[in-house]
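Structural characterization, general
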Amino acid sequence: MGESYAALMPANAYNWIAVWRRNFLAWRKAALASLLGNLADPITNLFGLGFGLGLIVGRVEGTSYIAFLAAGMVATSAMTSATFETLYAAFARMDANRTWEAILSTQLTLGDIVLGELVWAASKSVLAGAAIGIVAAALGYASWLSILYAMPTVALTGLVFASLAMVVISLAPSYDYFVFYQTLILTPMVFLCGAVIPMSQLPSSFQHFAGLLPLAHSVDLIRPAMLERAVSVSAAFHVSALCMYAILPFFASTALLRRRLLR
Amino acid sequence: MNMSSAAIDLAGVRKSFGDKIIVDELSFSVARGECFGLLGPNGAGKSTIARMLLGMISPDAGKISVLNEPVPARARVARVRIGVVPQFDNLELQFTVRENLLVFGRYFGMSARKIDAVVPALLEFARLESKKDVRVAELSGGMKRRLTLARALINDPHLLVMDEPTTGLDPHARHLIWERLRVLLVRGKTILLTTHFMEEAERLCDRLCVLESGRKIAEGKPAALIDEHIGCNVIEIYGGDPHELSELIGPYARHIEVSGETLFCYALNPEQVRVQLRGRAGLRILQRPPNLEDVFLRLTGREMEK
Ligand SMILES: Nc1ncnc2c1ncn2[C@@H]1O[C@H](COP(=O)(O)OP(=O)(O)OP(=O)(O)O)[C@@H](O)[C@H]1O
Ligand SMILES: [Mg+2]
């Protein structure tokens, strides 16, 4: 059992790159449509909520609401693009399109495929996060350099949510189940984790719970970076928490996917 | 046959899904350079066996070794030298023919230069030179199958595992694939193929194994199986009451089968049978040498009566 589980793991440090490049080639063929689709939603949110609510809310945590929100939107868009890429596109490659089946007949392992998919989804997060950051910087709500500082966390956030979504697709019988994950887990996280509302506004019992959620860790890293605030000691804690959120589901989903794909 | 000379070796392999036994105590061995066929009706377990050879399904019991690697434990290492044609095409439909080969070559860790070097020969082999930059979605079924075959060859495999390589193709496309496979055998590749076309098995396979419900019911060279299980001429008779006819010619036949409206009469001396039928109106009689189809019908007992 242990030995055969080990045989599922990435075979080496670079096999996954072939999977990433396969997805990149497919993406390049539809890049424009996919870019617009990825970016329209968070940018609309940024403007709609930012200007609209900004009028009512005024200043939040010592900054304008739209600057506060911009950091939340970068984190949220990293979360949603990695999630959607994994739930829908990777699921299609696993299920209907039989792409994974084809790859599994080569020298790649299931772990190589999962890793390639996770890094790919994280790459799309970086793209989405960077685009919103660029809009925010162009409008003067963040500095250009601060956007660059935020990118490692954006990438890590992408890995985390791709990894969690991988567990979802390893269990879901069909597309129909994904909506539960989105509405029951992801959407509440946006509101609980300080992406659009400061966490200090939540009842204190919620704050403790919400502080453990992955999106909270990533907001807590991205916002100080974008607002150019000093790095606190808790940054190390947030980074380690995100790493756990990326790594543990990776192992879990690989084991679950074996049950699903390799009987 | 010792382990090191065999390309594939199965011993006592069993597999069930739930309480349904899919592969039952199966053993066979395929020598290097040989073309080995797995024959059987739908659901006999052919695809399950093919996937087991690749490590994509683990047996419940028994031993599998492929290219001297224990499977599934070291299936990944074995797959470096295996080419796979799956039952259902899993090509990248939105990619071009060339891109499909490129992407697949990368899975084997090949550099772009190395892939570019082998692609022209593969396209030529698959007779797809003119389709190089066409999207796969626009190819016919036969072309897709040939591309799948070309893709399976990108890593210059020693062994090809092909699950129904010609199902769903028209006769012309099928003959083209057969001809290509014969070229591969001449080049010394080992082929394991599954099929339910007896003609395919008879033309291509050095040896074959007939399966029913996951159990091996016969194994051997096609000609030997035909000799052993039939070993005489076949007269097909259409257009009469099969039961009445079988009473009439029974004494002169070695064996009689009725399948639908057709009566198959296996007789050492067909003239004796024909004499009995002489003068009967409305009968169509076809005399032919026996083939694997007859063996299959005989062994699987499907639609058989006597
Ligand atoms: N994942 C599974 N769970 C349960 N039963 C399965 C599973 N996969 C296959 N089977 C069953 O195993 C049996 C053998 O299937 P398999 O696909 O190996 O047959 P086959 O000989 O390839 O048939 P065909 O000629 O139709 O391709 C079938 O009865 C099928 O229903
Ligand atoms: Mg099959």
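You'll find the structure just up there.
This text gives an overview of the structure that appears in the document. Just so you know, these numbers come straight off a predicted model, no measurement behind them.

1. Notes on the overall build of chain A
When helices and strands are counted, chain A shows 11 helices and two strands. Taken from N to C terminus, the helices and strands of chain A fall in the order α-α-α-β-β-α-α-α-α-α-α-α-α. With respect to the principal axes defined by its C-alpha atoms, chain A has extents near 55 × 40 × 35 Å. Partitioning the intrachain contacts of chain A with sequence separation of at least 6 by distance along the chain shows that 79% fall at a separation of at least 24. In chain A, 14 side chains carry a positive charge and 11 a negative one; their mean positions are 5 Å apart.

2. A few points about the sheet that holds strand E14 (residues 284–288) of chain B
All names here are of chain B. Across the sheet, which stays open at both edges, the four strands sit in the order E12-E13-E11-E14 with antiparallel pairing between neighbours. Across the chains shown, the open sheet's two edge strands, defined by having one partner strand only, are strand E12 (255–259) and E14. Across this sheet, the average inter-strand angle for adjacent strands is 20°, counted without regard to direction. Pairing of E12 with strand E13 (residues 262–267) involves five bridges; the strand directions are antiparallel. If you follow serine 259 over to E13, its bridge partner there is threonine 262. Taken strand by strand, helix H9 (residues 242–249) contacts strand E11 (233–238), E12 and E13, and its axis lies near 15° from that of E13.

3. A few points about the nonpolar core
Within soluble globular proteins, side chains that are nonpolar tend to cluster in buried spots. Judged by nonpolar contacts, the single largest core of 172 residues is most densely connected at Trp100(A), Leu215(A) and Phe28(B). The greatest single-element share of this core, amounting to 16 residues, is contributed by helix H4 (residues 65–94) of chain A. Structurally, this core is a two-domain feature, drawing no fewer than three residues from each of domain 1 (31–42 + 79–223) and domain 2 (232–289) of chain B. Once residues lying within four places of it in the same chain are set aside, the contact partners of Phe28(B) are Ile8(B), Asp9(B), Leu10(B), Phe36(B), Leu38(B), Ile49(B), Leu192(B), Lys216(B) and Glu219(B). In terms of nonpolar packing, the next biggest core, distinct from the first, is built from 13 residues, Ile256(B), Val258(B), Val273(B) and Leu277(B) among them.

4. Quick look at the sheet that holds strand E7 (residues 159–163) of chain B
Residue and element names in this part refer to chain B. Across the sheet, which stays open at both edges, the six strands sit in the order E6-E7-E8-E3-E9-E10 with mixed pairing between neighbours. Two strands bound the open sheet, and with one partner strand each, they are strand E6 (82–85) and strand E10 (215–220). On average, each strand axis in the sheet is tilted by 15° relative to the strand beside it, whichever way the strands run. Pairing analysis gives four bridges linking E6 to E7, with the strands arranged parallel. Bridging across to E7, glycine 83 finds its partner in leucine 160. With respect to the sheet, helix H5 (residues 141–152) is in contact with E6 and E7, its orientation differing from that of E6 by roughly 165°. Against the sheet, helix H8 (residues 222–229) makes contact with strand E9 (207–212) and E10, and its axis sits at roughly 105° relative to E10, the strand it touches most.

5. Describing the packing of aromatic side chains
Counting across every chain of the model gives 17 aromatic pairs over all chains. Seen from their ring centres, Phe24(A) and Trp120(A) are 6.5 Å apart, and the 70° between their planes marks the pair as edge-to-face. Taken together, the positions of Phe24(A) in helix H2 (residues 16–29) and Trp120(A) in helix H6 (residues 110–138) put the pair 96 residues apart, joining distant regions of the chain. Note on Trp120(A): relative accessible area 4%, which makes it buried. Consider the rings of Tyr88(A) and Tyr175(A), whose centres lie 5.8 Å apart with planes at 10°: the pair is stacked. Highlighted residues: Tyr88(A) in helix H4 and Tyr175(A) in the loop between helix H7 (144–171) and helix H8 (178–192), separated in sequence by 87 residues. You can call Tyr175(A) partly exposed: its relative accessible area is 36%. Three or more aromatic residues joined by ring pairs form one cluster here, namely Phe84(A), Tyr88(A), Phe91(A), Tyr175(A) and Phe178(A). Geometry around Phe104(B) places Arg151(B) over its ring, the cationic atom sitting 4.2 Å from the centre. The positively charged end of Arg174(B) is found above the aromatic ring belonging to Phe197(B), 3.9 Å away from the centroid.

6. A closer look at the site of ligand 1
Residues in contact with ligand 1 amount to 15 residues; listed here are only the nearest, Lys20(B), Gly43(B), Lys46(B), Ser47(B) and Thr48(B). Mapping the residues near ligand 1 onto chains gives chains A and B. A distance of 3.2 Å is found between an oxygen atom of ligand 1 and a backbone nitrogen or oxygen belonging to Ala44(B). The separation between an oxygen atom of ligand 1 and a polar main-chain atom of Gly45(B) is 2.9 Å. Within the complex, the protein chains bury 67% of what would otherwise be the 640 Å² of accessible surface of ligand 1. The set of elements that each furnish at least two residues to the shell around ligand 1 consists of strand E2 (20–31) and helix H1 (46–53) of chain B. In terms of residues, the shell around ligand 1 owes the most to one element, H1(B), which gives three residues. Counted by class, the shell around ligand 1 contains four nonpolar, seven polar and four charged residues.

7. Some remarks on empty space enclosed by the protein
Throughout the structure, instances matching the rule amount to two cavities of 30 Å³ or more. Considering only enclosed or pocket space, the largest cavity measures out at about 60 Å³ in volume. Residue lining of the largest cavity: Thr99(A), Ala102(A), Ile103(A), Asn90(B), Leu91(B), Glu92(B), Asn100(B), Val103(B), Phe104(B), Tyr107(B) and Arg151(B), and that is the complete set. Contributing elements (two or more residues each) for the lining of the largest cavity: helix H5 (99–104) of chain A together with helix H3 (97–107) of chain B. Per-element tally for the lining of the largest cavity: the top contributor is H3(B), with four residues. Looking at the second largest cavity, its volume works out to about 40 Å³. Contributing to the lining of the second largest cavity are Val85(B), Arg145(B), Leu149(B), Met162(B), Pro165(B), Ile177(B) and Leu181(B). Those elements that place two or more of their residues in the lining of the second largest cavity are H5 and helix H6 (171–186) of chain B. A per-class count over the lining of the second largest cavity returns six nonpolar, no polar and one charged.

8. A short note on the side chain of Lys46(B)
Residue and element names in this part refer to chain B. In this fold, lysine 46 is placed in helix H1. One buried charge, lysine 46, has no salt-bridge partner; the nearest side chain with opposite charge is glutamate 164, at 4.1 Å. Among the polar contacts made by the side chain of lysine 46, one reaches the main-chain carbonyl oxygen of proline 41 at a distance of 3.1 Å.

Basis of the calculations
- Residues numbered from 1 in each chain as written.
- Chains lettered and ligands numbered in written order.
- Predicted model: local features only at pLDDT ≥ 70, side-chain atom pairs only at ≥ 80, totals over all residues.
- Heavy atoms only, no water.
- Helix = DSSP H or I, 4+ residues; strand = E, 2+ residues; numbered from the N terminus.
- Contact = heavy atoms within 4.5 Å.
- Lys, Arg positive; Asp, Glu negative; His and termini not counted.
- Charge placed at Lys NZ, Arg CZ, Asp CG, Glu CD.
- Pairing = 2+ DSSP bridges.
- Axes fitted to C-alpha atoms, helices over the stretch in contact; angles between N-to-C directions.
- Core = buried A, V, L, I, M, F, W, Y, C linked by side-chain atoms within 4.5 Å.
- Buried < 20%, exposed > 50% of the residue type's maximum accessible area, 1.4 Å probe, protein only.
- Domains from an automatic or database assignment.
- Phe/Tyr/Trp six-rings, centres within 6.5 Å; stacked < 30°, edge-to-face > 60°.
- Lys NZ or Arg CZ within 6 Å of the ring centre and 35° of its normal.
- Near = heavy atom within 4 Å.
- Polar contact = N/O pair within 3.5 Å; in protein donor to acceptor, adjacent residues only side chain to side chain.
- Areas by Shrake-Rupley, 256 points an atom, 1.4 Å probe, with all protein chains shown as cover.
- Nonpolar A, V, L, I, M, F, W, Y, C, P; charged D, E, K, R; others polar.
- 1 Å grid on protein atoms, 1.4 Å probe; cavity = no way out; pocket = protein on both sides within 12 Å on 5 of 7 lines; lining within 4 Å.
- Points joined across faces, edges and corners; volume = space filled by probe spheres on them.
- Salt bridge = Lys/Arg side-chain N within 4 Å of Asp/Glu carboxyl O.

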